[in-house]
Amino acid sequence: MTRPADSPHHAPPDPTTATAAPGAVPAAVRARVPVTLSRVRDRSADLITFHHLPDPGEHFAITVPTRPQDTEAPLVRLHSECLTGDVLGSARCDCGPQLDEALRHIAEHGGAVLYLRQEGRGIGLYNKLDTYVLQSQDYDTFAANRAIGRGDDERDYASAAAMLHALGLTRIRLLTNNPDKVRELLAHGIEITGVVPTGVYITAENSRYLSAKAELGGHTLALLQEAAA
C-alpha cells in the first residue's frame, strides 16, 4: 500500500511529454489550467486536457496534488457526464451528489476526477431524455435503453486509462461502486490498490433507478436497502 518517495504522483510529468498508454499513439497532456473550485471550499485544482485519446470525446481531468506525507495511492473517480444531474441538480439520478462527493475527496486527499463525456451511459443527452419518458411508464433504466434500440451501457474506459497513463497515475485507489470500471482499468494496465465505495444518495425519485443499478447492473450498492428503510 506504500508508494516510493520518487513516485510520479509527487512530481507530475512534463505536460509536453507523452507517457506510456494503451494504443498505437500514447495519450499526452495537451493543456493544464489552474482553477479555483468554489464547490470544494475554494481549493485550487488543475483542469487537464489531452491529445491522442482512443475516442473523440472531450474528456478532461480535475487534479489536486497529493500531500508529501500521504503513503496511499491517489484517489481517482471516473465520472460520466450527466448534464441533468451535475448541472441542473436533477433528483432522478445520483450523479450530482456523487460528483460533489468526489470533488470533496480529492480536495482533501489529492488525486483526480476524470470527467468523461459519456452522457446517459454513452447514449447521449437526447436519447437519455427519451428514456426518461419510458421510465415514467415503469421501464427500468436498462429496459428503457433497449426500448429505443440502444445498449444497457455503451461506455468503455479505454480513454480513462489513457488519461491516467498520461498523468502518471498508474497506481490508484478507485472511488466507485461499478465493478466494470475496476475490470476495464485493470485490463488497461492500471494498478488498483483499493476500491472506495461512493455514498448512496437515495431519494423518492431515484430509488427505482438505484435499485436497477444494484440488481441488474451489478453495482455494489450495499447500503441501498439500509438507506431505503
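Here the structure is a predicted model, which is why all the values come from computation and not from measurement.

Caption draft 1: Looking closely at the overall build of the protein chain. When helices and strands are counted, the protein chain shows nine helices and seven strands. When the 229 residues of the protein chain are sorted by exposure, 48% land in the buried category. When contacts within the protein chain are restricted to residue pairs at least 6 apart in sequence, those whose partners lie at least 24 apart make up 61%. Summed over all atoms, the accessible surface of the protein chain reaches about 11,100 Å², with 55% contributed by carbon and sulfur.

Caption draft 2: Region of interest: the packing of aromatic side chains. Throughout the structure, instances matching the rule amount to one aromatic pair. Positioned above the aromatic ring of Tyr132, the side-chain terminus of Arg92 is 4.4 Å from the ring centre.

Caption draft 3: The arrangement of the pattern of salt bridges in detail. Counted under the stated rule, the structure contains 11 salt bridges. Among the ionic pairs, Arg146 bridges to Asp152, the shortest N-O distance being 2.7 Å. Using a relative accessible area of 46% as the deciding quantity, one classes Arg146 as partly exposed. A relative accessible area of 31% means that Asp152 is categorised as partly exposed. As a salt-bridge pair, Asp180 and Arg183 come within 2.2 Å of each other at their nearest N and O atoms. Remark: Arg183 and Asp180 occur in helix H7 (residues 179-187); sequence separation between them is three residues, near one turn of the helix.

Caption draft 4: A look at helix H4 (residues 125-135). Within H4, burial applies to Lys128, Thr131, Tyr132, Leu134 and Gln135. The arc that holds every buried residue of H4, seen down its axis, measures 160 degrees, which confines them to one face.

Caption draft 5: Structural detail: the side chain of Thr63. On the secondary structure map, Thr63 appears in strand S3 (residues 60-64). Judged by its relative accessible area of 12%, Thr63 falls in the buried class. Those residues in contact with Thr63 that lie beyond four places of it in its chain are Arg32, Ala45, Asp46, Ile48, Gly111, Ala112 and Leu167.

Caption draft 6: Geometry of helix H6 (residues 158-167). The buried count for H6 comes to 10 of 10 residues, which makes it a mostly enclosed element. Trailing H6 by a residue or two, Gly168 shows a phi angle of about 75 degrees, which is positive.

Caption draft 7: Broad picture of the side chain of Asp46. Mapped onto the fold, Asp46 is located in strand S2 (residues 43-51). Looking at Asp46, the relative accessible area reads 19%, which means it is buried. Discounting chain neighbours no more than four positions away, the residues touching Asp46 are Arg32, Val33, Pro34, Ala61, Ile62 and Thr63.

Caption draft 8: Structural view of the sheet that holds strand S5 (residues 111-116). Taken in spatial order, the seven strands of this open sheet run S1-S2-S3-S5-S4-S6-S7, and their pairing is mixed. Only two strands of the sheet have a single neighbouring strand rather than two, namely strand S1 (28-37) and strand S7 (191-196). Along the sheet, successive strands turn relative to each other by an average axial angle of 25 degrees, direction set aside. Against the sheet, helix H2 (residues 95-109) contacts S1, S2, S3, strand S4 (75-80), S5 and strand S6 (171-175), and its axis sits at roughly 150 degrees relative to S5. Its contacts with the sheet put H6 on S1, S2, S3, S4, S5 and S6, and the angle it makes with S5 is roughly 145 degrees.

Parameters and conventions
- Residues numbered from 1 in each chain as written.
- Predicted model: local features only at pLDDT ≥ 70, side-chain atom pairs only at ≥ 80, totals over all residues.
- Heavy atoms only, no water.
- Helix = DSSP H or I, 4+ residues; strand = E, 2+ residues; numbered from the N terminus.
- Buried < 20%, exposed > 50% of the residue type's maximum accessible area, 1.4 Å probe, protein only.
- Contact = heavy atoms within 4.5 Å.
- Areas by Shrake-Rupley, 256 points an atom, 1.4 Å probe, with all protein chains shown as cover.
- Phe/Tyr/Trp six-rings, centres within 6.5 Å; stacked < 30°, edge-to-face > 60°.
- Lys NZ or Arg CZ within 6 Å of the ring centre and 35° of its normal.
- Salt bridge = Lys/Arg side-chain N within 4 Å of Asp/Glu carboxyl O.
- Arc of directions from axis to C-beta.
- Pairing = 2+ DSSP bridges.
- Axes fitted to C-alpha atoms, helices over the stretch in contact; angles between N-to-C directions.

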